[in-house]
Amino acid sequence: DTIMTSFLQHVTSQPLANAVISDAASISYDALYRMVAAYGSKLLDATKGEKSNLKIAVCGPRSVELLVVLMAVLACGYVYVPIDASTPVDRCTTII
C-alpha cells in the first residue's frame, strides 16, 4: 500500500474520524481529502498535468497546510523535495 492508498481507505471507511489533531484544529479525513483535492487540482493546473517524474520543492514550517501540500504532491503522482528554509540559495539551486 502507498500513503495515498491508505489515506483513501480511511477517507472511505471513516470520513468523520480525526485525520489531523493539532493545537490549532482537528480535521476529519473527509475535510483533509477535500483540502488535498483542491490543492492538487491547482497543482495540476500549474504544472499543466506534467507526469514525467516531476519534482516539487517544498519549504515551510510543520503545519496542516504543509501536510496538505505534501499529500497533494503525492496524489498528483509527483515527488516532493523538502527544502530547509535555512539552506543557502546556491545549495537549493543545486538540490532542485
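Residues numbered from 1 in each chain as written. Predicted model: local features only at pLDDT ≥ 70, side-chain atom pairs only at ≥ 80, totals over all residues. Heavy atoms only, no water.

### A closer look at the overall build of the protein
Here is step 1 of the chain: The secondary structure content of the protein amounts to four helices and four strands.
Here is step 2 of the chain: In terms of principal-axis extent, the alpha carbons of the protein reach across some 45 × 30 × 25 Å.
Here is step 3 of the chain: Residues counted as buried form 29% of the 96 residues belonging to the protein.
Here is step 4 of the chain: Excluding contacts between residues fewer than 6 apart, the proportion of contacts in the protein whose partners are at least 24 apart in sequence is 54%.
Here is step 5 of the chain: Accessible area for the protein stands at about 6,600 Å²; split by element, carbon and sulfur atoms hold 57% of it.
Here is step 6 of the chain: With 7 positive and 8 negative side-chain charges, the protein shows a separation of 5 Å between the mean positions of the two kinds. (Helix = DSSP H or I, 4+ residues; strand = E, 2+ residues; numbered from the N terminus. Buried < 20%, exposed > 50% of the residue type's maximum accessible area, 1.4 Å probe, protein only. Contact = heavy atoms within 4.5 Å. Areas by Shrake-Rupley, 256 points an atom, 1.4 Å probe, with all protein chains shown as cover. Lys, Arg positive; Asp, Glu negative; His and termini not counted. Charge placed at Lys NZ, Arg CZ, Asp CG, Glu CD.)

### Focus: the pairing of strand S1 (residues 18-21)
Here is step 1 of the chain: Looking at chain direction, S1 and strand S2 (residues 26-28) are connected through three bridges and run antiparallel. When the bridges of S2 are listed, isoleucine 21 appears paired with serine 26.
Here is step 2 of the chain: Counting the residues in the hairpin turn of S1 and S2 gives four residues. (Pairing = 2+ DSSP bridges.)

### Re the packing of helix H1 (residues 3-13) against helix H2 (residues 29-46)
Here is step 1 of the chain: Two numbers describe how H1 lies on H2: the axes approach to 8 Å, and their chain directions differ by 130 degrees. Comparing their axes, H2 and H1 come out oblique. Judged by the sense of rotation from one axis to the other, the crossing of H1 with H2 is left-handed. Residue-level contacts link Phe7, Leu8, His10 and Val11 of H1 to Tyr29, Leu32 and Tyr33 of H2. (Axes fitted to C-alpha atoms, helices over the stretch in contact; angles between N-to-C directions. Parallel < 35°, antiparallel > 145°, perpendicular 65-115°, else oblique. Left-handed = near helix turned anticlockwise from the far one by under 90°.)

### Considerations on the nonpolar core
Here is step 1 of the chain: One finds Phe7, Ile27, Leu32, Val36 and Met71 to be the most contacted residues of the largest nonpolar core, which totals 13 residues.
Here is step 2 of the chain: Looking at this core, the elements that each hand over two or more residues are H1, H2 and helix H3 (64-75).
Here is step 3 of the chain: Aside from chain neighbours lying at most four places away, what touches leucine 32 is Phe7, Ala19, Val20, Ile27, Leu67, Val68 and Met71.
Here is step 4 of the chain: One finds Val58, Leu66, Leu70 and Cys76 within the second-largest nonpolar core, a separate group that totals nine residues. (Core = buried A, V, L, I, M, F, W, Y, C linked by side-chain atoms within 4.5 Å.)

### Comments concerning the packing of aromatic side chains
Here is step 1 of the chain: Evaluated as defined, the whole model comprises one aromatic pair.
Here is step 2 of the chain: Relative to tyrosine 29, the ring of phenylalanine 7 lies with its centre 6.1 Å away and its plane at 45 degrees, an arrangement referred to as tilted. Pair noted here: phenylalanine 7 is in helix H1 and tyrosine 29 is in helix H2, with a separation of 22 residues, a long-range link.
Here is step 3 of the chain: Overall, the relative accessible area of 6% leaves phenylalanine 7 in the buried class. (Phe/Tyr/Trp six-rings, centres within 6.5 Å; stacked < 30°, edge-to-face > 60°.)

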